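Remarks on the overall topology
Residues per chain, in single letters:
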Amino acid sequence: MKNFSVYVSALLLGMFAGSALADATLLNASYDVARDVYKDFNPLFQKHWKAKTGENIEIKQSHGGSTKQVRAVADGLEADVVTMNQANDIEFLADKGLVTKDWTKKFPNNASPYTSAMVFIVRKGNPKGIKDWSDLIAPGTQIIIPHPKNTGNGRNTYLSAWAWALRQPGGNDAKAQEFLGKLLKNAPLFAAGGRDATTTFMQRRMGDVLITFESEAEMIAKEFGKGEFEVVYPSLTMQTEFPVALVEKVVDKKGTRTQATAYLEYLWSKEGQENAAQNYLRPRDAETLKKYSSFFPPVKTFTVDEVFGGANKAFAAHFKDGGSFDQIYQSK
Amino acid sequence: MLPGFGLALGYTLVYLSLLILLPLGGLILKASELGFSQIIDIALGERSLAAFRVTFGASFLAAAVNAFFGLIVAWILVRYPFPGKRFVDALVDLPFALPTAVAGITLATLYAGNGWLGRFIEPLGIKVAYTPLGIVVALTFITLPFVVRTLQPVIEDIETEVEEAAASLGASRWQTFARVIFPAIFPALLTGFALAFARAIGEYGSVIFIAGNLPLISEIVPLLIISKLEQYDVLGATALAVVMLALSFILLLAVNLLQWWTANRHKNDEPLEVAAGKASGATT
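This is a predicted model, so every value here is computed, not measured.

What counts as what
- Residues numbered from 1 in each chain as written.
- Chains lettered and ligands numbered in written order.
- Predicted model: local features only at pLDDT ≥ 70, side-chain atom pairs only at ≥ 80, totals over all residues.
- Helix = DSSP H or I, 4+ residues; strand = E, 2+ residues; numbered from the N terminus.
- Rg over C-alpha atoms; globule rule 2.2 N^0.38 Å.
- Buried ≥ 20, exposed ≤ 12 C-beta atoms within 10 Å, placed from the backbone.
- Contact = placed C-beta atoms within 7 Å.
- Domains from an automatic or database assignment.
- Nonpolar A, V, L, I, M, F, W, Y, C, P; charged D, E, K, R; others polar.
- Axes fitted to C-alpha atoms, helices over the stretch in contact; angles between N-to-C directions.
- Parallel < 35°, antiparallel > 145°, perpendicular 65-115°, else oblique.
- Left-handed = near helix turned anticlockwise from the far one by under 90°.
- Pairing = 2+ DSSP bridges.

Quick notes on the overall build of chain A
- Assigned secondary structure in chain A consists of 16 helices and 12 strands.
- Compactness check: chain A gives a C-alpha radius of gyration of 20 Å against a globular reference of 20 Å for 332 residues, within 12% of the reference.
- Across its three principal axes, chain A shows a C-alpha extent of roughly 60 × 40 × 35 Å.
- For chain A, the residues scored as buried account for 47% of the 332 residues in total.
- Partitioning the contacts of chain A with sequence separation of at least 6, the portion at a separation of at least 24 is 73%.

Examining the environment of A198 of chain B
All names here are of chain B.
- Looking at the element boundaries, A198 is found in helix 10 (residues 173–202).
- Accessibility expressed as a C-beta count within 10 Å gives 18 for A198, which makes it partly exposed.
- Separated by 142 residues in the primary sequence, A198 and F56 have C-alpha atoms spaced 9.5 Å apart.
- Among residues more than four places away in sequence, those in contact with A198 are S248 and L252.

Quick look at the domain arrangement of chain A
All names here are of chain A.
- One can read the domain layout of chain A as domain 1 (2–113 + 242–291) and domain 2 (116–240 + 300–330).
- Put simply, the middle of domain 1 and the middle of domain 2, counted by C-alpha atoms, are 28 Å apart.
- Tallied by class, the residues present in the side of domain 1 that touches domain 2 amount to four nonpolar, five polar and two charged.

Brief notes about the packing of helix 2 (residues 35–53) of chain A against helix 12 (residues 270–278) of chain A
Residue and element names in this part refer to chain A.
- With their axes 10 Å apart at the nearest point, helix 2 and helix 12 run at an angle of 160 degrees to one another. Considered as vectors, helix 2 and helix 12 are oriented roughly antiparallel to each other. Judged by the twist between their axes, the crossing of helix 2 over helix 12 is right-handed. Judged by residue contacts, V37, D40, F41 and L44 of helix 2 engage E271, G272, N275 and A276 from helix 12.
- Partitioning the contact of helix 2 with helix 12 into residue classes produces four nonpolar, two polar and two charged.

Notes on the pairing of strand 1 (residues 24–31) of chain A
All names here are of chain A.
- Across the eight residues that make up strand 1, a large majority, seven, are buried.
- Pairing geometry for strand 1 and strand 2 (residues 57–64), over eight bridges, is parallel. Bridge pairing links A24 to I57 in strand 2.
- Where strand 1 and strand 3 (residues 81–83) come together, three bridges link them in parallel fashion. Bridge pairing links A29 to V82 in strand 3.

Some thoughts on the interface of chain B and chain A
- If you look at the interface, chain B gives 22 residues, while chain A gives 20 residues.
- Among the secondary structure elements, those contributing two or more residues to the side of chain B that touches chain A are helix 3 (46–79), helix 11 (207–211) and helix 12 (221–230) of chain B.
- Counting residues per element, the side of chain B that touches chain A draws most heavily on helix 12 of chain B, which supplies three residues.
- Broken down by class, the residue content of the side of chain B that touches chain A amounts to nine nonpolar, 10 polar and three charged.

Comments concerning the sheet that holds strand 10 (residues 244–246) of chain A
Residues and elements named next belong to chain A.
- Spatial ordering of the open sheet is given by 2-1-3-10, a layout of four strands whose pairing is mixed. Looking at which strands have only one partner, the edges of the open sheet turn out to be strand 2 and strand 10. Here the average twist between neighbouring strands, direction ignored, is 20 degrees.
- Strand direction decides the pairing type here: strand 3 and strand 10, joined by three bridges, are antiparallel. The residue bridging V82 from the neighbouring strand is A245, located in strand 10.
- Across the sheet, helix 2 is in contact with strand 1 and strand 2; its angle to strand 2 comes to roughly 165 degrees.

Quick look at the structure:
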């Protein structure tokens, strides 16, 4: 259904692009919950670009599940830039030759202008006293997470727990897998997606802890009220990246390389970083991070590259068919 | 008969080819990149097998539930005038129009432990949301119109005089139903059942929100297909799809044969009026 709407919006874009007054039009294919970030960012860039070059630039947004978006781009959705929440989705485009192989080096910080962290959301007063990953395997504690194999959010949770178990005294892969087995036993369900997990936890009141992005916690506060829950930062968690890349084939064809590059670079500007922080995404710029330090308590994080040797390797070892996730369910 | 058979047949063939055969052909062509044994390996994995069981089992149950209650709904809607009948009639089509994801989220909220229904049935030990039972509930909701809408015109065709004739000839109410009415609507009931069943097998949107999606317990085949696509494993997804298609085709074919057989038997039998006489004859 989402794929379909992507095509329809692409079709509509194609129909109206000619009639637009803009000097250039960019299409940004983005992940599902990025709406707010880019809704605020696009006008900032338009203003900046107008002041700098006098050009009117129009920016279209296309949102959908990260993997679906990438497949749409591979199938011909003419996006100038992709702004995703998983590196392996952009790797897929690199394999297809739409994005350059060394895309992570084209922009600073591994081509990820802002980050987030996986955190625990617990009920008000933290009745089960949940402090760290080890508390989640206690009998009778229920965790709410999206499907670890099918959703980025679920995969991040899985890898965070794995990395934590690995870093415990005497930790190794076998012990980590055992820990994950116990952890997943405490999941009464796997939600269809990140927002579905949130609804299940907050509205349907299922489970004792929801594991999600730090940025999602603020969405929950807006929706359900701040006093309804508490955020718990585990002793180690994943720093999630939001990689961006230029779709080489499209910008060459449309002649929008300059504008598209400037658009992505602007994410690292003061304005871009401020905007990320205001949307509760951790800015890369140290000064901005300090300014918004009340949003972002210090937390010990790891990156997928450090622990798993890259997004593709992590995916292959854990989420491909026959990977560690499948093994957990086969040993039963 | 109106002329133009050639043109109409040509149009039919082109239309069906473009709409159905072309995509199906593409699917099978893609799957043929894998060997037959590989396709079987993928389909016979522990998780795939469990998913096939859940999908076909839940679809069968949902279609069966609708065959029973859908028949009652259709009967009431055709035979009895009552206030708000048009409203109820329109209600039946709602599952057609509602986006399936909305249906799934609504049902999950309704049947969750603190939902309007869930709070009453969970203390009784009946868990619906996030269990295989939830899948059956979602599929029953989605497929209701198929049975009702298939049966309605057929029931309309049975004149009430037939019932009167059976009664006047001494048939009991049960005999009238079992030997006069039911044989007449049974082929349509099978069609409705088959449509509902086929629709349920392919359903994804509503199920994933209420199923719980636990491996080996409440994963459906379409979810595994999406899971393969998430891995950019198009071939694996295609293999599962082809196996699902083949199984559905065999089952639908069986239902069609059964339907053809019952319809034929009925045709060779006797008109309804005679059946009415016979039904009563049995008692006299």
